[in-house]
Amino acid sequence: LPQKLKKNYFHYCNKNNKKEVTIVKKIIKMIMLLRGFTNATLAEKCGYTSPSGVSNVINREYSMKVENLLKFMDAMDCEVVIRSKLADKNEWVIK
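Definitions and cut-offs
- Residues numbered from 1 in each chain as written.
- Predicted model: local features only at pLDDT ≥ 70, side-chain atom pairs only at ≥ 80, totals over all residues.
- Heavy atoms only, no water.
- Helix = DSSP H or I, 4+ residues; strand = E, 2+ residues; numbered from the N terminus.
- Buried < 20%, exposed > 50% of the residue type's maximum accessible area, 1.4 Å probe, protein only.
- Arc of directions from axis to C-beta.
- pLDDT = per-residue confidence, 0-100.
- Polar contact = N/O pair within 3.5 Å; in protein donor to acceptor, adjacent residues only side chain to side chain.
- Contact = heavy atoms within 4.5 Å.

## What about the environment of Trp92?
Its place among the elements puts Trp92 in strand E4 (residues 91-94). When its relative accessible area of 48% is taken as the criterion, Trp92 is described as partly exposed. Separated by 10 residues in sequence, Trp92 and Ile82 place their C-alpha atoms 5.1 Å apart.

## A word on helix H5 (residues 66-75)
Count 3.6 residues to each turn of an α-helix, and residues three or four apart come out pointing the same way. Within H5, the full set of buried residues consists of Asn68, Leu69, Phe72, Met73 and Ala75. Within H5, the buried residues cover an arc of 165° as seen down the axis, which keeps them to one side. Phi turns positive one or two residues past the end of H5, at Asp77, with a value near 55°.

## Structural notes on the confidence of the model for the protein chain
With 79% of its residues at a pLDDT of 70 or more, the protein chain shows a mean pLDDT of 81. Model confidence for the protein chain, summarised as mean pLDDT per element, is weakest for strand E1 (residues 11-13) at 43 and strongest for helix H3 (residues 39-46) at 96.

## Brief notes about the side chain of Ser84
With respect to the secondary-structure elements, Ser84 resides in the loop between strand E3 (80-83) and E4. Within the structure, Ser84 has its side chain in polar contact with the side chain of Asp88 (distance 3.0 Å). Ignoring any residue separated from it by four or fewer positions in sequence, one finds Ser84 in contact with Lys89, Asn90 and Trp92.

Structure representation (structure tokens):
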């Protein structure tokens, strides 16, 4: 792996793909709503000391670390699936 990934500096989203950031954050909020999570309950399940930890990640304008996305999905009993757009349609599940 590249050094950046090893040091966990990789960001899921950045200024160049703000649209994708918005979509991911809307999905997180929708799952929270459907599963009955508040910022406080998600923060507790993720090990944050206060609800603002969740709020800060979700409301940050541009970026979200993959680590945070995976932490939130795991806490809400979800998984992230990466699917190839090629004919093989391979899938990888990140749990």
